[in-house]
Amino acid sequence: MLLNGTNKQVFDKLLDQLSGMEFVEFFDKGSTARVYHVRLPVGPGMDEQIDRIVKVFRTRTEMNYGIDLNKVFQSEVSNLIKMSHTNVISLYSAGYLEYSGEKLPYYIMEFLPGARDLDEWIESREKSLTREVIIQLLIQAARGIEALHMKMIYHCDLKFGNMLVGESGQLKIADLGFAKQPSVKPGITGVRTTDKYYPKCYEKYLVDRKDKRQMLAELPRELVNSKFDLHYFGQVVQDIINITVVKILLSESDRKGFRLLIDRLNLDCKSASLPHYKNMGQVIADLEKMQTLYLNRAGVEELSTYTGTRTLRIPVTGNIPFTERVAKMIHHPTFFRLNNAHQLGFTYYVFPGSTHTRLEHSLGVFSNVSRYINSLLADDHQPYFRQLIDEEMIVTALLAGLLHDIGQHSYAHSLEDVGLSNKHEKVAKMFITGEGMEESFQLPEYKEPLEDIIKQWWPEVDMKQLCWLITGEREDGQVVTLGWEIIRAILNGPIDADKTDYLLRDAHHAGVEYARSIDITRFMNSLSASLIKDDGYTKGVLAITWKGSQSAENIVLARSQMFWVLYWHHAVRSAHAMLAHACASHLQTLSTYDEKRVYNDVLYWGTIGEFIAYLQLSRSPRAKNLAKWLRMRRLFKRCISLNYENDKDLYDSLLRKKSSCEAGDDKLLTKLNVKIAEKINEADVLQGAIKSLSGDDIIIDIPKADKDKLGTIYVVEKGCDSATPYTSRGLLGNFDDWQNRVRTIRVFVDPKIDATDRQRISMQGRSILAQISGGS
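Let us look at the structure shown here. (Residues numbered from 1 in each chain as written. Predicted model: local features only at pLDDT ≥ 70, side-chain atom pairs only at ≥ 80, totals over all residues. Heavy atoms only, no water.)

Mapped onto the elements of the fold, V236 is located in helix α5 (residues 226-241). For V236, a relative accessible area of 0% puts it in the buried group. Considered as a pair, V236 and T311 are 75 residues apart in the sequence and their alpha carbons are 47 Å apart. Discounting chain neighbours no more than four positions away, the residues touching V236 are L118, L158, K159, F160, M163 and Y197. (Helix = DSSP H or I, 4+ residues; strand = E, 2+ residues; numbered from the N terminus. Buried < 20%, exposed > 50% of the residue type's maximum accessible area, 1.4 Å probe, protein only. Contact = heavy atoms within 4.5 Å.)

Most of strand β11 (residues 215-220) sits out of view: five of its six residues are buried. Pairing geometry for strand β9 (residues 188-193) and β11, over six bridges, is antiparallel. Bridged to T193 within β11 is M215. Relative to β11, strand β10 (residues 206-208) runs antiparallel, the two being bridged by two bridges. Counted as the bridge partner of L206 is A217 from β11. With antiparallel pairing between neighbouring strands as the criterion, β10 and β11 make up a hairpin whose turn holds six residues. (Pairing = 2+ DSSP bridges.)

Turning to the sheet that holds β9, a few remarks are in order. Ordered in space as β9-β11-β10, the three strands form an open sheet in which the pairing is antiparallel. Looking at the sheet topology across the chains shown, the edges are occupied by β9 and β10. Taking the axes of each pair of neighbouring strands and ignoring which way they run, one obtains an average angle of 35 degrees across the sheet. (Axes fitted to C-alpha atoms, helices over the stretch in contact; angles between N-to-C directions.)

Turning next to the packing of helix α4 (residues 131-150) against α5. The description of two helices packed together rests on the angle between their axes and the distance between the axes. Viewed as axis vectors pointing N to C, α4 and α5 meet at an angle of 165 degrees, and their least axial separation amounts to 11 Å. Here α4 is positioned roughly antiparallel relative to α5, judged by the angle of their axes. Pair α4 / α5 crosses with right-handed handedness. Across the interface between the two elements, I134, L138, A141, A142, I145 and H149 of α4 pack against S226, D229, L230, F233, V237 and I240 of α5. By residue class, the composition of the contact of α4 with α5 is nine nonpolar, two polar and one charged. (Parallel < 35°, antiparallel > 145°, perpendicular 65-115°, else oblique. Left-handed = near helix turned anticlockwise from the far one by under 90°. Nonpolar A, V, L, I, M, F, W, Y, C, P; charged D, E, K, R; others polar.)

Right, let's talk about the pattern of salt bridges for a bit. Pairing is possible between side chains of opposite charge, provided their charged atoms come close. By the definition in use, this model includes 31 salt bridges. Across the pair R597 and D594 runs a salt bridge whose closest N-O atoms are separated by 3.2 Å. A residue pair is termed a helical-turn pair when its members lie 3 or 4 positions apart in one helix, as R597 and D594 do in helix α24 (residues 593-605) at three residues. Within this structure, R131, E132 and D254 form a network of salt bridges that share partners. (Salt bridge = Lys/Arg side-chain N within 4 Å of Asp/Glu carboxyl O.)

Turning our attention to empty space enclosed by the protein. Using the criterion set out here, one finds one cavity of 30 Å³ or more in the structure. If you add up the space inside the largest cavity, you get close to 30 Å³. Lining the largest cavity are K227, L230, R264, L265, L267, H276 and Y277. Contributing elements (two or more residues each) for the lining of the largest cavity: α5 and α7 (252-265). Looking at the lining of the largest cavity, its residues break down into four nonpolar, one polar and two charged. (1 Å grid on protein atoms, 1.4 Å probe; cavity = no way out; pocket = protein on both sides within 12 Å on 5 of 7 lines; lining within 4 Å. Points joined across faces, edges and corners; volume = space filled by probe spheres on them.)

Glancing now at unusual backbone geometry. A positive phi is found at C156, a non-glycine position, where the angle reads about 70 degrees. Tracing the backbone shows C156 in the loop between α4 and β7 (163-165). Judged by its relative accessible area of 0%, C156 is buried. At D665, a position not held by glycine, the phi torsion is positive, near 65 degrees.

Further remarks concern the side chain of H37. Residue position: H37 is located in strand β2 (residues 33-42). At a separation of 2.7 Å, a polar atom in the side chain of H37 contacts the side chain of D51. Non-local contacts of H37, meaning those with residues more than four positions away in its chain, are made with E22, F23, V24, E25, F27, D51, R52, I53 and F111. (Polar contact = N/O pair within 3.5 Å; in protein donor to acceptor, adjacent residues only side chain to side chain.)

As paired strands, strand β12 (residues 311-314) and strand β13 (residues 318-321) are joined by four bridges and run antiparallel to one another. Considered in β13, the bridge of R313 is made with N319. In this structure, the hairpin formed by β12 and β13 is closed by a connection of three residues, where V316 is found at a positive phi of approximately 75 degrees.

This is the structure in structure tokens:
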């Protein structure tokens, strides 16, 4: 643009002060200043020229709103002179120009060839634009803003016109005239802003709305911070993805990712589970995740199955990562003791091969968590996992997978259900933190708590979230975000990493075929993370794409079959019930604190054989006998069995009787055992060598009511924006079958009762149960 009028007069005055400057072009774009493209002589002989931009502020009479130009000038110069960053415009010199009785501030900045406002540059590159270019531009802008924030400068006026892009695609943040710096002094600071970008939650601070492009807000100083800039950056991103040429380039997954990013930048978006970004570094990290060549595994060695020669090989899973810090955890006494803990307790009495350990299973879950995370990071249907998850969450999830069963022993579930053992989640927290160890155990080989090793070798781990992932219990004030909800679903849900390991592993060792129908490769490749609305709140869930829905359904089907055939086989339930009665009788004989600690030592650190041998030395005759029978596999025999579908009213009545007994601290239901023995004696069905029964001859087994919860599987259907609960005829039918199978009440009788008498008791079974329940 040629020079004329006031623009030429101002430039002529400038020439008088800066000799040798050559005019190239005039840009009259600034709201507060005139902008000239010039060439200045440089070099030893001043025979070289370099392009620069000169910005001269307007006169007071030209301004139609009350802005102190001198203050703006001093602020911008003060801010720019601190900066030296490739994405922030550079300042070379500054001064004052005498014009019409005024001192007009000016400064000389770097020249960006072919510079255009960000939106104009994008629209001018319609034919050559790609999604990668868009993401790179945003990353450049974010890095420039991050550089400002590191110098404690808040731009406060981020918009297209203040983001310049040169011909080469290099972006520069410009126009820092309205920038602010933090102050220790409380008070109010004025901010010039545009109506379009200004956060609605700060609307009460607006004092001048006359010009929508230059509204004035008087904000408390503490509100003008990095989050204020992040909000404006989010509005810029919003406008970019709405540009027509950009809309065409972005996939649905891209748009979801950008919308999530915008929500986390937006000060008007209030959601406890969707936290705002704390700084621009977090924004840059999420923008980088959107790049095609983003390296998902950077910094997390355990996400790769290839760790040189340091791998462990276990059945079913194969090679798993065995880094130095994984080895540190495995070698700790509280973890390595899992090598003595049978995964399935006495199940090997029925399936001889099922002698695998909790240690093997823990390693398998750890490997599965790694596979889940790798699959979710590569998810091309939903971007939420990449956007919501960071390295801290990934490493915490991996360690939680490794330690999820740290509080288990060979019979944990059986003894927990009847209150004879602490909840394994509580014990897990004890082993991790060390709190309560001396009160519960006296083993000399216990050294430092796991927490000490975690802090040294796993510094990325959030200890509070780790304990929550394992125990399910939050501390006061602990916030669980959408990302953490998804991480929790990886470790605890209907298709979690725990279930996909134990179903395949248990089936392998037991020699049964029920889990073979699970297409685990297809399942892993179809994992997705999604956001759903639950009672008006947004919730993060683990989901499966439509491609893997059948494999997810097979997991549920296999679980149902494994419970019925393997986990709750009547002989297995009998053995575990006998052990519970043996432990209860033995614990009644322990009178000293040290005796109880010895019991815990053998229970948690000993093998099955060692614990049974320990019970055989009990002062309780019943505990001693039951332990001897368990060692000989002389199990109580099933004589009555009641399925839920056989008689729902009777089942519910017995469940109420169980609750009544438990409320009276009779968790082993000994009162019901006595009543059953009495009713059998009254029925006069015993015709063998044994003519009458006592309560010790009977064990009634009523499973916990909450065992019939399968959970909800979420599926992302093709072309859908979010996940929905998955249903199918097969799954609905299986749910009914599952409820019936797990809701089975059994009565076991001492094996001294012969088969013929057991058959007679069975024929009277419903009548006997109805009488003890109070029914007809």
